[in-house]
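# Notes for the structure review
As a plain string of letters, each chain reads:
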Amino acid sequence: MIERIGHKAVLIYPEFDSDDTFWSYASSLKMYANPGEFGLPKRLLPPLGLMGLFNHLKPYYDELFLIDKNVDPRSLLELISDADHVFMGGMLAQGKSLLKLAAEIKQAGKVLIVGGTAITPDSPLLAIADHLVENEAESIIDELLEGLRQGNAKKYYKGGFNPSQQFFQPDYAAINMQNYVHMAVQISRGCPESCEFCDIPYRFGKAYRVTPWEKTAESFRQMKDLGWMGQVFVVDDNFIANPRKALEVLKNLYKIGENIGYHHPKYTELTLRLADDSPIMAELRHWFRKTRFINGFYGVETPNKASLLETNKRQNLRGEKSLVEKLSFISEQTGAGVMMGMIYGFDHDTNESVHEFVDFVNASNAPIVMAGLLNALPYTGLMKRLQTEGRIIQASSGNNSDGVINFIPYHFSVQQAEQNYLYILEHIYQPKTYFDRVLRHLELIDPELQSNYRAGNEKLAYLAKILSRKHALTYWCYLPKALAIAKRRCGFNMPGFMAILAEFFSLCGQYTHFTGQIDAQRKHIADRNYADRQRLSWCELQSSKI
């Protein structure tokens, strides 16, 4: 029997540092969605990592509370007033909030344990928190807890790559699911690719470790039992990192859906290898449709072949199809939409290649594009190379869409990089270019795949808001084209017809968010004071030394 180590523990998930970047959706959710339980806008995703820790800590405390400060404005000091221990976890993009909340927690005299991907041996949290956990916590959490019981816990713990049987099992009852737009589940960790800018292989390894399917089944069953019928983000680093194992995962997901009587609509992160002309990828595409994956997020990065080679993203260059052809082929084969991750700022990028970047995006069928400036993250080949060259100028915020580059680019200055980034956003989110991509998307997605969720769950509840608020004239302008696509593709098949329209209105709402991101970036550039070193490219700086 596990001996308890305290009466009460509180788990804190900090606010994200900015609401004006790609990932937040705060402004559009505030405008179109009903607020959460405390009156704040809903958030896109729940704090999955802390939900797993919450489950693991149950035997150790009489009371446990998980507080997501993104949706809960209540006083932190009141929430932790009678806590023995406070656990906090977050990412680099929550760095400022982590520091602020950590200081408040320590001023209240509480024992503070901090973990998450924000933690490194150089973290400023070392000067504040009592105990820190880097990387995966499963293999060392019990040692830390025993140290808390004995009063001899170490300052710093570094987790390794844990067997999948040890992965924390999230407890969805730890949160109010109505505070979130989507739920999340993690099925695998690790990625065998070697992209220079990515820290996943260091943090989670190259091996593809898969959660035992019984645990995944438990997650989906609990979500359904708690009433969740909406989208679920499978937050894997690269879902198809091991195609054979991924195929087994998909077949198990189908069994889970059959067993619980509902196939949740899903989306995940993966690579363009899904478009490969191989038997295993053809089978994967088939099962993606069968298991109700309605969207995929693909790391396309750039249409610049030299930049893809530079960053070791060779998997995007496989086969005879162009990148645009691969994206449309995936949608045709799976019935799912495609979202793109795009990066500008590689050494082979130039001021002129920004036009190639924009033209590529606007030729695709991907309405949603996470465009960001390249950043060098800790523990990446890119960071090591740029540190050796002396090009790093600041730590990365960890937010890849805040419009800040943390090193001196090769062919243009920091100042020009940020201006080029604004140009990219303005030109991929102009009304015509965005809605042209939306219409191509509506032509390719499978209405039947989308209809069970779209027609049965959303019922176009926010229609009046979409068509009467910000950018409403633009939406009215493109509505007849969406109606024509829905009618031509589905006729009087109302579920499919309504599913296409629901997708159109959803993308209208998201457009509001993207235009807000552009406004924030304009203000950022207008307010920014650039140092002399930030006004020159690396080439120019090297020439000036000669």
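In this text the structure is predicted, and so the values were computed from the model without any measurement. (Residues numbered from 1 in each chain as written. Predicted model: local features only at pLDDT ≥ 70, side-chain atom pairs only at ≥ 80, totals over all residues. Heavy atoms only, no water.)

A few words now on the overall build of the chain. Of the regular secondary structure elements, the chain holds 20 helices and 14 strands. For the chain, the proportion of its 546 residues judged to be buried stands at 58%. Taking contacts inside the chain between residues at least 6 apart in sequence as the whole, the part at least 24 apart equals 78%. Here the chain has roughly 22000 Å² of accessible surface; of this, 54% comes from carbon and sulfur atoms. When the 60 basic and 61 acidic side-chain charges of the chain are each reduced to a single mean position, those positions are 3 Å apart. (Helix = DSSP H or I, 4+ residues; strand = E, 2+ residues; numbered from the N terminus. Buried < 20%, exposed > 50% of the residue type's maximum accessible area, 1.4 Å probe, protein only. Contact = heavy atoms within 4.5 Å. Areas by Shrake-Rupley, 256 points an atom, 1.4 Å probe, with all protein chains shown as cover. Lys, Arg positive; Asp, Glu negative; His and termini not counted. Charge placed at Lys NZ, Arg CZ, Asp CG, Glu CD.)

This part takes up the packing of aromatic side chains. Per the counting criterion, the structure on display carries 22 aromatic pairs. On the basis of an interplanar angle of 85° and a centroid distance of 6.3 Å, the ring pair of Tyr475 and Tyr511 is categorised as edge-to-face. With a gap of 36 residues between them, Tyr475 in helix H18 (residues 472–490) and Tyr511 in helix H19 (residues 494–527) connect regions that are remote in the sequence. Looking at Tyr475, the relative accessible area reads 0%, which means it is buried. Taken together, the aromatic side chains of Tyr429, Tyr434, Phe435, Tyr475, Tyr478, Phe504, Phe505, Tyr511 and Phe514 make up a single cluster linked through ring pairs. Sitting over the ring of Phe167, Arg189 keeps its end group 3.9 Å from the ring centre. Looking at Arg437, its charged tip hangs above the ring of Tyr429, at a distance of 5.6 Å from the centre. (Phe/Tyr/Trp six-rings, centres within 6.5 Å; stacked < 30°, edge-to-face > 60°. Lys NZ or Arg CZ within 6 Å of the ring centre and 35° of its normal.)

Below, the discussion takes up the layout of surface pockets. Of the voids in this model, the second largest pocket is the one considered here, and its volume is about 1000 Å³. Secondary-structure elements contributing two or more residues to the lining of the second largest pocket are helix H4 (95–107), helix H13 (381–389), helix H14 (414–428) and H19. Of the residues in the lining of the second largest pocket, the class split is 18 nonpolar, 16 polar and five charged. (1 Å grid on protein atoms, 1.4 Å probe; cavity = no way out; pocket = protein on both sides within 12 Å on 5 of 7 lines; lining within 4 Å. Points joined across faces, edges and corners; volume = space filled by probe spheres on them. Nonpolar A, V, L, I, M, F, W, Y, C, P; charged D, E, K, R; others polar.)

Judged by pairing direction, the sheet is parallel, and its six strands sit side by side in the order E2-E1-E3-E4-E5-E6 without closing on themselves. Two strands bound the open sheet, and with one partner strand each, they are strand E2 (61–68) and strand E6 (156–158). Each strand axis lies, on average, 15° off the axis of its neighbour in the sheet, ignoring direction. Relative to E6, strand E5 (residues 131–134) runs parallel, the two being bridged by three bridges. Paired with Val133 across the strands is Tyr157, a residue of E6. (Pairing = 2+ DSSP bridges. Axes fitted to C-alpha atoms, helices over the stretch in contact; angles between N-to-C directions.)

Moving on, we get to the sheet that holds strand E7 (residues 183–185). Spatially, E7-E10-E11-E12-E13-E14 is the arrangement adopted by the six strands of the open sheet, whose pairing is parallel. Strands at the two margins of the open sheet, each flanked by one partner only, are E7 and strand E14 (369–373). The average angle at which neighbouring strand axes cross in this sheet is 20°, direction not considered. Direction of pairing for E7 relative to strand E10 (residues 232–234): parallel, over a ladder of three bridges. Looking at E10, one finds that Ala184 is bridged to Phe233. Against the sheet, helix H7 (residues 213–225) contacts E7, E10 and strand E11 (266–270), and its axis sits at roughly 165° relative to E7. Each of strand E12 (293–301) and strand E13 (337–344) is contacted by helix H11 (residues 323–334), which is oriented at about 155° to E13, the strand it contacts most.

Over the atoms rolls a probe the size of a water molecule, and in doing so it shows where empty space is left. Counted by the stated rule, this structure contains one cavity of 30 Å³ or more. Within this model, the largest cavity holds a volume of roughly 30 Å³. Along its surface, the largest cavity is lined by Leu274, Phe288, Phe293, Asn295, Gly296, Tyr298, Thr334 and Ala336. Classifying every residue of the lining of the largest cavity gives five nonpolar, three polar and no charged.

Right, let's talk about the nonpolar core for a bit. Within the largest apolar cluster, 141 residues are counted, with the highest numbers of intra-cluster contacts made by Tyr61, Phe87, Phe239 and Phe504. With 11 residues, H19 is the largest single contributor of residues to this core. Setting aside residues no more than four positions away along its own chain, Phe87 makes contact with Ala9, Val10, Leu11, Ile12, Leu53, Leu57, Tyr61, Ile113, Leu145 and Leu148. Counting 20 residues, the second largest nonpolar core, distinct from the first, contains Leu79, Leu98, Leu112 and Ala118. (Core = buried A, V, L, I, M, F, W, Y, C linked by side-chain atoms within 4.5 Å.)

Counted by the stated rule, this structure contains zero disulfides. No disulfide involves Cys191; its sulfur sits 6.4 Å from the nearest other cysteine sulfur, which is in Cys198. (Disulfide = S-S within 2.5 Å.)

Closest axis-to-axis distance for the helix H12 (residues 353–363)/helix H15 (residues 431–444) pair is 8 Å, and the angle between their directions is 35°. Counted together, Val361, Asn362 and Ala363 of H12 and Thr433, Arg437 and Arg440 of H15 form the full contact between these two elements. Among the residues forming the contact of H12 with H15, the class breakdown is two nonpolar, two polar and two charged.

Side chains on a regular strand alternate between the two faces of the sheet. Burial analysis of E11 places four of its five residues in the buried class, the great majority of the element. Where E10 meets E11, three bridges bridge the pair, whose relative direction is parallel. By the bridge assignment for E11, Val232 is matched with Lys266. Across five bridges, the pairing between E11 and E12 is parallel. Following the sheet pairing, Leu270 is matched in E12 by Tyr298. Since E11 and E12 lie parallel, the crossover through helix H9 (residues 279–290) that links them has a hand, and here it is right-handed. (Right-handed = clockwise from strand over helix to strand, strands pointing away.)

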